[in-house]
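# Fold and geometry: a report
Read off the chains here:
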Number of protein chains: 2
Amino acid sequence: MSALYHRVREARRLLGLSQESLAAELGVSRSAVAQWEHAAGTSPSVDHLSALARRSGMCFEYLATGRGPRILGEPMVAEPAAEYDALTEQQKQLLERFRLLSPRQRRALLELIEPERSSLR
Amino acid sequence: MSALYHRVREARRLLGLSQESLAAELGVSRSAVAQWEHAAGTSPSVDHLSALARRSGMCFEYLATGRGPRILGEPMVAEPAAEYDALTEQQKQLLERFRLLSPRQRRALLELIEPERSSLR
DNA sequence: GACGAATTGTCAGTATAAGTAACATTATTC
DNA sequence: GAATAATGTTACTTATACTGACAATTCGTC
């Protein structure tokens, strides 16, 4: 599943517009659009995202979340249930980094965040 | 058509979660969720709204604008996905203790165990 | 290759939206 | 009535969406 900033650029390219042109149509500055298209940049507000979806003909759901058909009327691609992850992104990140620790470090960490402990609470 | 703050509460209730539980899953404080549910409160960012849509199975467009179908698919049960059962006891313990931390403490912890960091590696 | 135009990338600054923590209130359970 | 859980509210802090300006890259033309 692509990230939001990928989908924003995808929508703009679908329209064959430059950042400048799209910005003019949405009523924002060119650099706002530029920032929407970068991982480290800002995200568009809901209003701007909605306006972009309407303008590009892209499904709002797809644009915002990456789920569902790209274009209105496009055949639905079935998503595996696994896409609805129970773990948050932060929890996944936690488990990933924890996995890289040595057993001793893992025990130390668990001890550090034990409830009623003063270090981090 | 209901207001955003109504729909946010609708989504949370659909999941059968308290404000506290939902906040933990989305990685924000309980009072942020409380404010999302009030007319005079703040609105969730696009990232949080998207996360709530994913978690609740509700359409992002419905959540964001009140338009369109309510549900994308069956809402996920509050119980973790099968992958949780694949976790070790230590990993489960980690997630449980992590869940009890405040958002600021969680970020501090993740930073602490970031790869290439010296503190615990 | 040079050059100019078009396009995109990046950054510092700003206003305010969104978030936090702490305290207050209400609801629920026993 | 007490204890606990859940929610409401507020003052304050932090994050961020956006802007304008400057930098860098890409593209088209000669």
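Presented here is an overview of the structure given in this document. One numbering rule holds for all chains: residues counted from 1, following each sequence as written. Written order decides the labels, with chains lettered from A and ligands numbered from 1. Reporting in this predicted model follows two pLDDT cut-offs: at least 70 for local features of residues, and 80 or more for side-chain atom pairs to be given and counted; totals over whole chains, interfaces and linings ignore these cut-offs and use all residues. Side-chain figures throughout are based on the complete set of non-hydrogen atoms in the structure, without hydrogens or water.

Right, let's get into the side chain of Gln19 of chain B. All names here are of chain B. The secondary structure listing takes helices from DSSP runs of H or I that are at least 4 residues long and strands from runs of E that are at least 2 residues long, numbered from the N terminus. Relative to the helices and strands, Gln19 resides in helix α2 (residues 19–26). Pairing of N or O atoms within 3.5 Å defines a polar contact, subject to two protein rules: one partner must be a possible hydrogen donor and the other a possible acceptor, and residues neighboring in sequence count only if both atoms are side-chain atoms. A polar contact of 3.3 Å, which involves the side chain of Gln19, links it to the side chain of Glu37. By definition, residues are in contact when any of their heavy atoms lie within 4.5 Å. The contacts of Gln19, once residues within four sequence positions are left out, are Arg9, Arg12, Arg30, Val33, Ala34 and Glu37.

The subject of this paragraph is the pattern of salt bridges. One side chain can pair with another of opposite charge once the charged atoms of both are near each other. Put simply, a salt bridge is a Lys or Arg side-chain nitrogen that is within 4 Å of an Asp or Glu carboxyl oxygen. Taken as a whole and judged by the stated rule, the model has nine salt bridges over all chains. Of the charged contacts, one joins Glu37 of chain A and Arg12 of chain A as a salt bridge, the two residues approaching to 2.5 Å between their closest N and O atoms. Here Glu37 of chain A, found in the loop between α3 (30–36) and α4 (46–56), pairs with Arg12 of chain A, found in helix α1 (residues 4–15); they are 25 residues apart in sequence, far enough to count as distant. Each member of the pair Glu37 of chain A and Arg12 of chain A is classed as buried. For Arg55 of chain B, the salt bridge identified is with Glu25 of chain B, shortest N-O distance 2.4 Å. You can see Arg55 of chain B sitting in helix α4 (residues 46–56) and its partner Glu25 of chain B sitting in helix α2, a full 30 residues away along the chain. Like Glu25 of chain B, Arg55 of chain B is buried. Among the ionic contacts, a cluster of salt bridges with common partners joins Arg9, Arg12 and Glu37 of chain A. Relative accessibility thresholds used throughout: buried, under 20% of the residue-type maximum; exposed, over 50%; partly exposed, between the two (1.4 Å probe, protein chains only).

Every one of the 21 residues lining DNA strand D counts as a neighbour, but Ser29, Trp36 and His48 of chain A together with Arg9 and Arg30 of chain B are closest to it. Within the side chain of Ser31 of chain A, an N or O atom sits 2.9 Å from a base oxygen of DNA strand D. Within the backbone of Gln19 of chain B, one N or O atom sits 2.9 Å away from a phosphate oxygen of DNA strand D. Of all the secondary-structure elements, those providing two or more residues to the surface near DNA strand D are α3 of chain A together with α1 (4–15) and α3 (30–36) of chain B. In terms of residue count, the dominant contributor to the surface near DNA strand D is α3 of chain A (five residues). For this classification, Asp, Glu, Lys and Arg are treated as charged, while Ala, Val, Leu, Ile, Met, Phe, Trp, Tyr, Cys and Pro are nonpolar and the rest, including Gly, are polar. Considered class by class, the residues forming the surface near DNA strand D number five nonpolar, 12 polar and four charged. Whether a residue is near a molecule or strand depends on its heavy atoms: if one lies within 4 Å, it is near.

Moving on to the packing of aromatic side chains. Aromatic pairing here means that ring centres of Phe, Tyr or Trp (its six-membered ring) are within 6.5 Å. Orientation follows from the plane angle: under 30 degrees is stacked, over 60 is edge-to-face, and everything else is tilted. Per the stated rule, a full pass over the model turns up one aromatic pair over all chains. Taking 5.2 Å as the distance between ring centres and 85° as the angle between the ring planes, the aromatic pair formed by Phe60 of chain A and Phe60 of chain B counts as edge-to-face. Highlighted residues: Phe60 of chain A in helix α5 (residues 60–65) and Phe60 of chain B in helix α5 (residues 60–65), drawn from two different chains. Accessibility classification places Phe60 of chain A together with Phe60 of chain B in one group, the buried group. Over the ring of Tyr62 of chain A we find Arg7 of chain A, and its NZ or CZ is 6.0 Å from the ring centre. For a ring to carry a charge above it, either NZ of a lysine or CZ of an arginine must fall within 6 Å of the ring centroid while also lying within 35 degrees of the normal to the ring plane.

All right, on to α4 of chain B then. Among the residues of α4 of chain B, Val46, Leu49, Ser50, Leu52, Ala53, Arg55 and Ser56 of chain B are the ones counted as buried. Turning to α4 of chain B, the residues buried within the fold contact α1, α4 and α5 of chain A together with α1, α2 and α5 of chain B. Downstream of α4 of chain B by one or two residues, Gly57 of chain B has phi in the positive range, about 75°.

A few words on the environment of Arg55 of chain A. Residue and element names in this part refer to chain A. Judged by relative accessible area, which is 36%, Arg55 ranks as partly exposed. The spacing of Arg55 and Ala11 is 44 residues in sequence and 8.9 Å in space, taken between C-alpha atoms. Excluding anything up to four places from it in sequence, Arg55 contacts Leu15, Leu17 and Glu25.

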